[in-house]
Amino acid sequence: MAGKYVVRTFGCQMNEHDSERLAGLLEADGMEPTTDAAEADVVVLNTCCIRENADNKLYGTLGHLKSLKDARPGMEIVVAGCLSQKDRGSIAERAPYVDVVLGTHNVHRAVELLHERRESGRPVVEILEATVAEDHELFPSALPVVRQAGYAGWVTIQMGCDNSCAFCIVPAVRGPEISRPFGDIVAEVERAAIDGVTEVTLLGQNVNSYGRDLTLRMRQQGSDPDGDSVGDVDPGRPVLEDSFVVGDTWLDADNARIRPLFADLLRAIGAVPGIRRVRYTSPHPKDLRPETIAAMAQVESVCEHLHLPLQSGSDSILAAMHRGYTAERYLERLRDARAGISDLAVTTDIIVGFPGETDADAESTLEVAAEARFDGAFTFVYSPRPGTEAGDMADRFVDHQVAVERMARLRQVVERSSLLGNQARVGRTEEVLVFGPSKRDPERVSGRTRQNRLVHFRPPAPMRPGTYAQVQIVGATTTSLLGEFVEVVAAPSHRTRIPVASG
Ligand code: SAM
Ligand code: SF4
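Going along each chain's sequence as written, the residues are numbered from 1 onward. Just so you know, chain letters begin at A and ligand numbers begin at 1, following the order they were written in. Totals for whole chains, interfaces and linings use all residues, but because this is a predicted model, local features are given only for residues with pLDDT of at least 70 and pairs of side-chain atoms are given and counted only at 80 or more. Note that water and hydrogens are dropped before the side-chain values are worked out from all heavy atoms of the structure.

Draft legend 1. Representation of the site of ligand 2. Any residue with a non-hydrogen atom lying within 4 Å of a molecule or strand is treated as near it. Around ligand 2, the surrounding shell consists of Cys161, Asn163, Cys165, Phe167, Cys168, Val170, Pro171, Gln205, His284 and Arg323. Three residue categories are used. Nonpolar comprises Ala, Val, Leu, Ile, Met, Phe, Trp, Tyr, Cys and Pro, charged comprises Asp, Glu, Lys and Arg, and polar comprises the others, including Gly. Broken down by class, the residue content of the shell around ligand 2 amounts to six nonpolar, three polar and one charged.

Here is the structure:
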């Protein structure tokens, strides 16, 4: 298939990652990347539906693409991702000029569906109900990839989610939790490291429950002869320094069968030669285990950054959300993490205006946020999602203006602690992984510290993305640090290309 393609991504890192795979599939089929939709033969929109404005964004973008397609009728439009999974046939009804609609469970079919569309002369809609767990190829990480940044790689360790947070549409569009086999994940990171990737981010909706379903699958397959030693591992069990995998069978030092823990994965990935930084997102506070904290503390390449979504500081709202922890339990976990991991930066997600949230609930969130001293936060006004439990609580929806005001006050609290956190870095020398030129000042480059803080500094000579440099921190704002170049500690070894645009 000759011609040019562009993939536009809406939404989270999971979607960014799927987009890299879509790009990889199109290139494996002979296409070349462009960043300009006007000259593209295939435009892929990889959609998100976590909040309502994502829907609006998609239909706004489709309207624009329609006028391009009217001018160039050969252009093909593909809509993939969570919103197609949610809306199924209705995208094709609202936008009949879309050529292919596919969902979250069949990313690997994108090119075949384009071929089907050409052969049949009719638009193709294929939405699958579930991923076939046994087929390892269906994990997006197992498909060909074109990485947005050659030095950094996302690796899916788990798909879907078994929780049922009342506000969240993810379980409906991504399905139940399925862990990717341990060996496949490590092998992918090893291959990525050979390609010059030095930073990996492990992706999952609830990474700390990684492996739970592998045990269940072993049980279902009858490979658990005694049934005693498989299952949730005693949190008091000593941390495994070395874990062994024999086929799909996990053994601990006493030869008892266990499931792989997320901590084991961190240790294995951290040991891959060439990987300098390991990040992950997201851990669920209720499942943050001591083993994970120990692995973060002990494995040098695992970065000192924890993104621990709080969602609310009110116990009654947390209960209504079905989050499975109280504010005090959250703060306790945070204290444990900070005690175990030196120099830890902590960021979070918070929703304001969940149905029924009172002024007192909002006040509790401010208090918990202040006590947690977050280094940053993604804050969201609650957005009703069809089919979710909270989406049906229309009688308790919070007035939008009230939610916006609560959000502004919350932002002030978070900005206060993030400024203090950034100011505390002034005077230190930090390792920065450069990702490109600064947006504001082309003479500067921007990058991130191990704590994921944004740093701008002026390099002595042009500096390629993927370079690691020591930088002395000389200034701080709420969102970034200003640095002075000290020295390069590692040069990049990947090939450079940037084919995937962000939406
Ligand atoms: N699995 C992650 C967790 O449990 O924290 C969350 C993943 S979700 C893609 C990212 C964030 O979107 C959530 O942490 C939440 O703050 C926000 N979010 C999800 N549903 C939302 C909704 N209906 N309205 C507003 N924000 C929402
Ligand atoms: Fe959504 Fe909750 Fe699952 Fe996160 S843990 S993806 S918020 S249901």
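Picking up where we left off.
Draft legend 2. Main features of the sheet that holds strand β18 (residues 429-437). Being paired, for any two strands, means DSSP has found at least two bridges between them. Numbering goes from the N terminus for both helices and strands, where a helix is a DSSP run of H or I of at least four residues and a strand is a run of E of at least two. The strand order around the closed barrel formed by five strands is β18-β19-β20-β22-β21, and the pairing between neighbours is mixed. Neighbour-to-neighbour, the strand axes of the sheet open up by a mean angle of 50°, direction not taken into account. In the sheet, β18 pairs with strand β19 (residues 445-448) via four bridges, with the strands oriented antiparallel. Note that in β19 the partner of glycine 436 across the bridge is serine 446. To obtain an axis, a line is fitted to C-alpha atoms, over the contacting stretch when the element is a helix, and the angle between two such axes runs from 0 to 180 degrees between their N-to-C directions.

Draft legend 3. Representation of the pattern of salt bridges in the model. Any Lys or Arg side-chain nitrogen found within 4 Å of a carboxyl oxygen on Asp or Glu counts as a salt bridge. Overall, the coordinates contain 34 salt bridges when judged by the stated rule. Taking the shortest distance from any N to any O, the salt bridge between arginine 450 and glutamate 304 comes out at 2.9 Å. Taken together, the residues span a long stretch of sequence, with arginine 450 in the loop between β19 and β20 (454-458) and glutamate 304 in the loop between α10 (290-298) and β15 (305-307) at a distance of 146 residues. We note that arginine 450, like glutamate 304, is buried. Between arginine 425 and glutamate 430 there is a salt bridge whose closest N-O contact spans 2.7 Å. Each member of the salt-bridge network shares a partner with another, and the members are Arg109, Glu112, Glu116 and Glu126. The classification of residues rests on relative accessible area computed with a 1.4 Å probe and restricted to protein chains. Under 20% of the type maximum is buried, over 50% is exposed, and intermediate values are partly exposed.

Draft legend 4. View of the pairing of strand β1 (residues 4-9). Across two bridges, β1 lies against strand β2 (residues 32-33) in parallel orientation. Each residue of the ladder has a partner; that of tyrosine 5, found in β2, is proline 33. When the strands point away from the viewer, a crossover counts as right-handed if the route from the first strand across the helix to the second turns clockwise. For the segment spanning β1, helix α1 (residues 13-28) and β2, crossover handedness is right-handed. Bridging between β1 and strand β3 (residues 42-47) involves five bridges; their strand directions are parallel. Within β3, the position partnered with arginine 8 by the bridge is leucine 45.

Treat this as a map of the structure, not an account of what it does.
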